[in-house]
Structure formats: C-alpha cells, structure tokens
Amino acid sequence: MEHPGTLVLIMAVAVLAPLLGHATGRWLAVPVVIFEIVLGVLVGPDVLGWAHHDQVIDALSDLGLSMLIFLAGYEIRFAEVRGPTLRRAGGAWVLSFAAGLGVALLLSGADLAKSLVIGTALTSTALGAVLPILRDSGRLEGRFGSVATAFGSVGEFGPIIAMALLFSGRSPGAASAVLAVFAVITAGAVFWAMRPRPPWFARIIATTLHSSGQFAVRFVMLLLAGMLGLAHVFGLDTLLGAFAAGMLTRLVLQGAVPELSGEILGRIEAIGFGFLVPFFYVVTGIDFDLKALLDGGRPLLLVPVFLLLFLLVRGVPAYLLAPRDLTGRAPRSALALFSSTCLPLVVAITAIGLDEKVIGSGEAAALVAAAMVSVAAFPLLAFRLLRREEGGGAGKGSPGRAEESGEVW
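Small disclaimer: the values here were computed from a predicted structure and weren't measured.

Draft legend 1. Quick look at the overall build of the chain. Tallying secondary structure elements over the chain gives 19 helices and 0 strands in all. Its C-alpha atoms put the chain at 65 × 55 × 50 Å along the principal axes. A separation of at least 24 residues holds for 81% of the contacts in the chain among residues at least 6 apart in sequence. Total accessible area computed for the chain in this model is approximately 17200 Å², and 67% of it derives from carbon and sulfur atoms. If the 28 positive side-chain charges of the chain are averaged to one point and the 28 negative ones to another, these points end up 11 Å apart.

Draft legend 2. Quick look at the nonpolar core. Counting residues in each nonpolar core, the largest one holds 133 residues, and the members touching the most others are F70, F144, L236, F306, F310, L343 and L367. Of the residues forming this core, the biggest block, 13 residues, is contributed by helix α18 (residues 361-389).

Draft legend 3. Geometry of the packing of helix α3 (residues 55-74) against helix α11 (residues 215-233). In the contact formed by α3 and α11, the axes pass within 12 Å of each other and the chain directions differ by 110 degrees. Considered as vectors, α3 and α11 are oriented roughly perpendicular to each other. Between α3 and α11, the contacting residues are S66, M67 and F70 on the first element and V220, M221, L224 and L228 on the second. Partitioned by chemical class, the residues of the contact of α3 with α11 number 6 nonpolar, 1 polar and no charged.

Draft legend 4. Spotlight on the pattern of salt bridges. Evaluation of the coordinates by the stated rule reveals 4 salt bridges. One salt bridge connects K114 with E363, and the closest N-O pair in it is separated by 3.3 Å. Taken together, the positions of K114 in helix α6 (residues 112-121) and E363 in helix α18 put the pair 249 residues apart, joining distant regions of the chain. Note that D325 is salt-bridged to R143, the shortest N-O span being 2.8 Å. With D325 in the loop between α15 (298-320) and α16 (329-340) and R143 in helix α8 (residues 143-166), this pair connects stretches of sequence that are 182 residues apart.

Draft legend 5. Structural detail: the packing of α3 against helix α12 (residues 238-256). Between α3 and α12, the shortest axis-to-axis distance is 7 Å and the interhelical angle comes to 45 degrees. Relative to α12, the element α3 is oriented oblique. You can see that α3 and α12 cross each other, and the crossing is right-handed. Each of L65, S66, I69, F70, A72, G73 and Y74 in α3 lies in contact with α12, whose residues at this interface are T238, L239, A242, F243, A245, G246, M247, T249, R250, L253 and Q254.

Draft legend 6. The arrangement of the packing of aromatic side chains in detail. Scanning all chains against the criterion turns up 12 aromatic pairs. Measuring from ring centre to ring centre gives 5.3 Å for W93 and F97, while their planes differ by 20 degrees; the resulting arrangement is stacked. Note that W93 and F97 are positioned in helix α5 (residues 84-108) at a spacing of 4 residues, about one turn of the helix. A single burial state applies to W93 and to F97, both of which are buried. Cluster of aromatic residues (ring-pair linked, three or more members): W192, W200, F201, F215 and F219. Here the basic side chain of R250 rests over the ring of Y74, its NZ or CZ set 4.8 Å away from the ring centre.

Draft legend 7. Quick look at the side chain of R197. Along the chain, the position of R197 falls in the loop between α9 (172-194) and α10 (199-208). Here R197 sits buried without a salt bridge, and the closest side chain of opposite charge, E259, lies 13 Å off (N-O distance). A distance of 3.2 Å separates a polar side-chain atom of R197 from the backbone oxygen of W192.

Draft legend 8. Inspection of unusual backbone geometry at higher detail. Phi is positive for Q214, close to 45 degrees, though the residue is something other than glycine. Structurally, Q214 is set in the loop between α10 and α11. Even without being glycine, K357 reaches a positive phi, approximately 60 degrees. Within the fold, K357 resides in the loop between α17 (344-355) and α18.

Draft legend 9. View of the confidence of the model for the chain. Counting all residues, the mean pLDDT for the chain is 85, and 92% of those residues have values of 70 or more. In the model, residues 393-409 has pLDDT below 50 throughout and makes 47 contacts with residues more than four positions away in sequence or in other chains.

Draft legend 10. Layout of α17. Helix length check: α17 (12 residues) gives 17 Å between terminal C-alpha atoms against 16 Å at 1.5 Å per residue, within 8%. With 9 of 12 residues buried, α17 lies mostly within the body of the structure. Among all positions of α17, only P344, L345, V346, V347, A348, I349, T350, I352 and G353 are buried. Note on α17: the residue one or two positions beyond its end, K357, has a positive phi of about 60 degrees.

Draft legend 11. Main features of the environment of T120. Within the fold, T120 resides in helix α6. For T120 and I160, which are 40 residues apart along the polypeptide, the C-alpha to C-alpha distance reads 9.1 Å. Not counting chain neighbours up to four residues away, the residues in contact with T120 comprise F97, S115, P159, A162, L166, F167 and I349.

Rules behind the numbers
Positions within a chain are numbered from 1, following the residues in the order the chain's sequence is written. In view of the model being predicted, local features appear only for residues whose pLDDT reaches at least 70, and side-chain atom pairs are presented and counted only at 80 or more, with totals across whole chains, interfaces and linings using the full set of residues. Excluding hydrogens and water, the side-chain figures rest on all heavy atoms present in the structure. Numbered from the N terminus, helices here are DSSP runs of H or I no shorter than four residues, and strands are runs of E no shorter than two. Residues count as neighbours in contact if any of their non-hydrogen atoms are within 4.5 Å of one another. A 1.4 Å probe and the Shrake-Rupley method give the accessible areas. Residues count as covered only by the protein chains that appear here. Only four residue types enter the charge count: Lys and Arg as positive, Asp and Glu as negative, with His and the chain ends excluded. Here the site of a charge means NZ on Lys, CZ on Arg, CG on Asp, or CD on Glu. Here, nonpolar core means buried Ala, Val, Leu, Ile, Met, Phe, Trp, Tyr and Cys residues that are tied together by side-chain atoms lying within 4.5 Å of each other. Residue burial is assigned from relative accessible area. The probe radius is 1.4 Å, only protein chains are included, and a residue is buried under 20% of its type maximum, exposed over 50%, and partly exposed in between. Axis angles are defined between N-to-C directions and span 0 to 180 degrees, where every axis is a line fitted to C-alpha atoms and, for a helix, only to the segment in contact. Any angle that falls under 35 degrees is termed roughly parallel, while one over 145 is termed roughly antiparallel, one within 65 to 115 roughly perpendicular, and all others oblique. Ten residues, namely Ala, Val, Leu, Ile, Met, Phe, Trp, Tyr, Cys and Pro, are considered nonpolar, four, namely Asp, Glu, Lys and Arg, are considered charged, and the remaining ones, Gly among them, are considered polar. For salt bridges, the criterion is a side-chain nitrogen of Lys or Arg within 4 Å of an Asp or Glu carboxyl oxygen. By convention, the crossing between two helices is left-handed when the near helix turns anticlockwise from the far helix through less than a right angle, and right-handed when the turn is clockwise. Classification of ring pairs rests on two measures: the distance between centres of Phe, Tyr or Trp rings, Trp counted by its six-membered ring, which must be within 6.5 Å, and the angle between planes, read as stacked under 30 degrees, edge-to-face over 60 and tilted in between. Any Lys NZ or Arg CZ found within 6 Å of a ring centre and within 35 degrees of that ring's normal is scored as a charge over the ring. The term polar contact refers here to a pair of N or O atoms within 3.5 Å; inside protein, the definition further demands a hydrogen-donor-capable atom paired with an acceptor-capable atom, and it admits residues adjacent in sequence only when both atoms are side-chain atoms. Note: pLDDT gives the predictor's confidence per residue, expressed from 0 to 100. In this scheme, a helix's expected span is set at 1.5 Å multiplied by one less than its residue total.

In structure tokens, the structure reads:
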C-alpha cells in the first residue's frame, strides 16, 4: 500500500459522517452519504489535499460500489414486484430512456456518444439509497413500498443493462449476443437457487452462524465474487454481476433458511454499510472535480438543469405510469421523487464517460453534484407530501426514527 495514511483518513471520515448526521438530525435529516461525499471532497486534492490514490484504495472503492448494487439486488422481492406493477415500471423506464436520450441530444448538440452517457445517467434510480429509508420509515412493507421497489429496481437494472449494451465497446449485435448468453447463465443460476437445498446445507449454516466458520457469509461472498468474475469474463460491467448476485442470494437464503436469512443479511450489511459502501462514497468525494465544477460558470449552471431533468425525465414517467391503485397526487408525486433520486450509477456512468473521453469533467461534476442534491432533497420532499396526505399522523406511516436521528442511508 503506497498511502496507508489515506486508508486511515477514509475510515476516519466514515466514522465522522454518521456522527454529523446524528448531530444535525434534530434540525434536518441529512443522509449520511452526503456527509461522506462532502468530507471526501474536503480531504481530496481540490481542498486540503490530504488523500491520495493507490491500487488498494481503488480496489476497495470498486468493491464498495459492487456491494451497494449487490444489496440493492438482494432487496428485490420477486413476489411483490412482478406482474402489472413491474410492467408499468418497465414502461416508465423505457419512456425515461427515450426522453433522456432526446434531451441529451439537444444539450450536446447531437453528439451521440455524449448523449448516451448523459441520457442513461438521467434514467437511474438509487435503489440502494431509497430502500433503507423506506424500511426505516416503516413504508417498505406496504403497497407504496412495493411500488417504489418495483420502479426503483427497474431504474437500477435498466441503466446497468444499457451500460452493458452501449458502453462495452462492441457492436450492438455482439453486445446483445453476449448479454443474452450472460442472461441464460444467470437464469440457470436462478433455477438452481430456487431448487430445495439439501438438509446439510441449512444445518451447516445454523451450526456455523455463531462460530468462526461463518459458512453462510462466506457462501454469499462466493456468490458475489463468482458473478463479478462471470461479468468480467463476458466483458460486461461488473455492476450487472453484483446485481444478479444479490437476487440469487435472496433466493438461496429464503429457500434454504428463511428463519435465519434476516440475521445473515444483517451480517452482510455490516460488511457493506459498515466498511465497503462508505469507502466508495468517500472516494467518490475525493475524486469529485470541484475545480471543474466551479471553473467558467457553465458546469455550475448545469447543476440545477440536471436536477430538474432528473425530475422531468425519470419522475414524470413514474408519476404517469404509477399503478392505478396508488391513488392521490401525494403518493404518485412521492413515487416520482423517489424514482428521481440517484447517485451511485450516475457516478459509475460519468466515470465511464470520462474514461472514454466522451464527456467533459465539468459536465461529469455537474451530473454528480445534481445527483447528490437529489439524494439529499427528493426523499425529504417525498415524505413531506406523504405526511401531508396522511394529515400529519404519526406511527407507521411517518418517517419515524430515520428522520429523528438523521441516520438514513
């Protein structure tokens, strides 16, 4: 490791972020991820210059993003998101992608390569950010939570598929063929995951869960590593493998040891949200090009433009195609706001655009900054609308401890 001090610094920031979130929670519920990114900017090269990159830092950051997408994939509850709700969510994303590509073509002067990057970024949903706050507020188990999960799942899975098809460097036909082969293999893995597990499998999970063996945790990590490796072999974005691994893990655990799946997930979340995921967000802040955002004025002016486009491109189709049983303006508007909340995939997509030199550093910084604002503002606005609809009542319908402590996401 070339810069061990940076590792210590990043972990110090990761510890400080929830403390700040707790301290500000009595006045305003600010997502912890915002503190992680802002503190990363502070210690990064554009401000204090304390943090430095090396291969270990980059590898841990990549693992953090993979773990975030893995946990998002795990949260998909197939029994609740399938059927008409899933079809409406898919239709809303397709409409968003068409609108996003059209708007991006206008913004970029018909530059197709740049438009694909911007247009895809405008269609993403931060499912990994939305689900924890819905769970903490008690809304995840209800109808609104099911609909938000469906729209968020498609909003995360759709851009990942688009990235695999459009940013792989292959022709569309070749990319589609490779993706189809990957899908067939993943479908085979899903079929395997849904089969009954032998009795010894559940027995060894229960026996080692409170010992140093930790068979379940190691098995889950093997699934994640295997799907990441499979995506890499096929030349696809590893996020696709991480998402598939999360879905497979839920099927395996729910089928084999449903009574222990929650405890096992808690241990995986401890690895993810306790170490790898904050590592990714802090490094995102370190990599954030603050100088490019503030230089010349145009990138800074693009921040509110992109924020509005997140709402128009992603939120309006979600509002229009929300299920009919989601009645009233408030739930539909809240769904639109949650669907427009984005960040992780925006970071990943803009990073690809920068690597391919099809998007400028200022535009990338503006997109990431707008995505940060969306994570901070849109869920709060959504909850205000829902509380107003409920007449300001407390209990299960209110944000509860998530807003009181500020320790969300």
